[in-house]
Amino acid sequence: MADNSHLHNSQLEESEPALTGPEAVERLYSRPLTAILIILGGLVALVLALVLSVSFGVMDIKFLTVWEAIFHFNPDIKGHQVIRELRLPRVLGCMLVGSAFAVAGAIMQGMTRNPLADSGLLGLNSGAGFALALCFALAPGISYSYIILFSFLGAAVSTIIVVALGASVRGGLTPMRMVLAGVTLSALLTALSEGVALYFRIGQELAFWYAGGVAGIRWEQLKMMFPWVGAALIAAMVLSRSITMLSLGEEVSKGLGLRTGPVKLAGVIIVIMLAGSAVSVAGAVSFIGLLVPHVARKLVGVDYKWIIPTSAVLGALLVVLADLAARMVRPPFETPIGTMIALIGVPFFLYLANKERREL
């Protein structure tokens, strides 16, 4: 991405020196028609994936029963109860979690020009997870609204620590140094979380968040999570033009008239809202924010006006399909979706890290 960004910078400076910020962004390489087709096709695929995910599981349910459970609910029918109370909130939660992690990763990669940026790799997920461990240990029975708030706080503190660690060494905050700082902090916070779990004997409660999964999502969590994620996704779209300018580099974006400080602060707040909300219901699911934005960028170009909605749709689709696969691998047991996504994410991360090894 860095090479692409330098190319766009030189093109912008040499061929269009008089363009203002909005005009310059419009001249960036993008594929709006392709983006629209991918978004629409992704939404259709997402609907089909939702139907499959609701229908298949430990107990397979016919599509007609799914339709009746949604539009003509009968509490006396077991299949209707399974669909309404278990599977519907689960698959809708998958959509929100996938969109949240994917858009958070897209924003982080755009703001930092770091192709390895991801909420899991940079410590946000482990920070939110450590905050959850403290909640379960010190305040058992705490309401879900407070769990979300503490997840935000944990993600925010870990973000500050990662940036401080990466910037404290000579040479500044390079992409690989940021990742190394994030991985180090993640290992520390994970160890501390496990220590808290052992000392307070809450390992069973935290096992769900360690592995990453959506089996426990219920309507209560969705009602609390949806406003945060929805507001953050809308804010991300509003900020998309500014993020595109930031992806060109600090000097270029300032030359285009962008106030980088407020934009970065808003971007960090959006990322914390998205990552904190997703971790609070699904646990530490990494690599979604690393993988999906790269795919979106390859498909639709470098304009974040299209990268963000494309990432949201593809991220939702990825997690819904991963959850379906996790239930079908060895029924009636479930494989954590974090494991399923890691099977794709780890090789992809190693490929990107190999490309960035000169930054060490």
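Rules behind the numbers
- Residues numbered from 1 in each chain as written.
- Predicted model: local features only at pLDDT ≥ 70, side-chain atom pairs only at ≥ 80, totals over all residues.
- Heavy atoms only, no water.
- Helix = DSSP H or I, 4+ residues; strand = E, 2+ residues; numbered from the N terminus.
- Buried < 20%, exposed > 50% of the residue type's maximum accessible area, 1.4 Å probe, protein only.
- Lys, Arg positive; Asp, Glu negative; His and termini not counted.
- Salt bridge = Lys/Arg side-chain N within 4 Å of Asp/Glu carboxyl O.
- Axes fitted to C-alpha atoms, helices over the stretch in contact; angles between N-to-C directions.
- Parallel < 35°, antiparallel > 145°, perpendicular 65-115°, else oblique.
- Left-handed = near helix turned anticlockwise from the far one by under 90°.
- Contact = heavy atoms within 4.5 Å.
- Nonpolar A, V, L, I, M, F, W, Y, C, P; charged D, E, K, R; others polar.
- pLDDT = per-residue confidence, 0-100.
- 1 Å grid on protein atoms, 1.4 Å probe; cavity = no way out; pocket = protein on both sides within 12 Å on 5 of 7 lines; lining within 4 Å.
- Points joined across faces, edges and corners; volume = space filled by probe spheres on them.
- Core = buried A, V, L, I, M, F, W, Y, C linked by side-chain atoms within 4.5 Å.
- Patch = residues over 30% accessible without salt bridge, like charges linked within 9 Å, V, L, I, M, F, W, Y side chains within 5 Å.
- Areas by Shrake-Rupley, 256 points an atom, 1.4 Å probe, with all protein chains shown as cover.

In this structure, what is going on with the environment of Val-281? I would like to understand it.
Tracing the backbone through its elements, the reader meets Val-281 in helix 13 (residues 260-282). Distance from Val-281 to Ala-215, taken between C-alpha atoms, is 9.4 Å for residues 66 residues apart in sequence.

Where do I start with the side chain of Arg-113 in this structure?
Looking at where Arg-113 falls in the secondary structure, it is placed in the loop between helix 5 (78-112) and helix 6 (124-138). Buried charged residue Arg-113 carries no salt bridge. Nearest counter-charge: Glu-250, at 8.2 Å.

Would you mind going over the packing of helix 5 against helix 13 with me for this structure?
The angle between the axes and the distance between the axes are what describe a pair of packed helices. It is at 9 Å that the axes of helix 5 and helix 13 come closest, and there the two elements cross at 150°. Compared by their axis directions, helix 5 and helix 13 come out roughly antiparallel. The hand of the helix 5/helix 13 crossing is left-handed. Contact residues: helix 5 offers Val-97, Ala-100, Phe-101, Val-103, Ala-104, Ile-107, Met-108 and Met-111, while helix 13 offers Val-263, Lys-264, Gly-267, Val-268, Ile-270, Val-271, Leu-274, Ala-275, Ala-278, Val-279, Val-281 and Ala-282. Among the residues making up the contact of helix 5 with helix 13, the classes are represented as 18 nonpolar, one polar and one charged.

I tried to follow the confidence of the model for the chain on my own but got confused; where do I start?
When pLDDT drops low, the exact placement of atoms in the prediction is not to be read closely. Of all residues in the chain, 88% have pLDDT values of 70 or greater, and the mean over the chain is 83. Taken as a whole, residues 1-20 scores under 50 in pLDDT and shows 30 contacts with residues more than four places along the chain or in a different chain.

Help me understand the layout of surface pockets in this model?
By rolling a water-sized probe across the atoms, one finds the places where empty space is left. By volume, the second largest pocket is sized at about 350 Å³. Considering the residues around the second largest pocket, the lining is formed by 21 residues, among which Asn-125, Ser-126, Ser-186, Thr-190 and Ala-284 are closest to the centre. Counting only elements with at least two residues in the lining of the second largest pocket, the list comes to helix 6, helix 8 (175-200) and helix 9 (203-211). Broken down by class, the residue content of the lining of the second largest pocket amounts to ten nonpolar, ten polar and one charged.

Mind showing me how you'd approach the nonpolar core here?
The nonpolar side chains of a soluble globular protein tend to be buried, and buried together. In terms of nonpolar packing, the biggest core is built from 109 residues, with Ile-107, Leu-274, Ile-288 and Phe-349 touching the most fellow members. Top element by residues in this core is helix 5. It accounts for 16 residues.

Just to check I follow, could you spell out a nonpolar patch on the surface for this structure?
Taken together, the side chains of Tyr-146, Leu-149, Phe-150, Leu-153, Val-157, Ile-161, Leu-165 and Trp-228 make up a nonpolar region of the molecular surface, amounting to roughly 700 Å² of accessible area. For the nonpolar patch, the leading source of residues is helix 7 (residues 144-167), giving seven residues. Tracing the chain through its elements places Ile-161 in helix 7.

I would appreciate a short explanation of the packing of helix 5 against helix 14 (residues 288-300) in the present structure.
Contact geometry for helix 5 and helix 14: axes closest at 7 Å, N-to-C directions at 70°. It follows from the interaxial angle that helix 5 and helix 14 lie roughly perpendicular. In contact with Gly-98, Phe-101, Ala-102, Gly-105, Ala-106 and Gln-109 of helix 5, helix 14 contributes Ile-288, Gly-289, Leu-290, Val-292, Pro-293, His-294 and Arg-297. Per-class residue counts for the contact of helix 5 with helix 14 are seven nonpolar, five polar and one charged.

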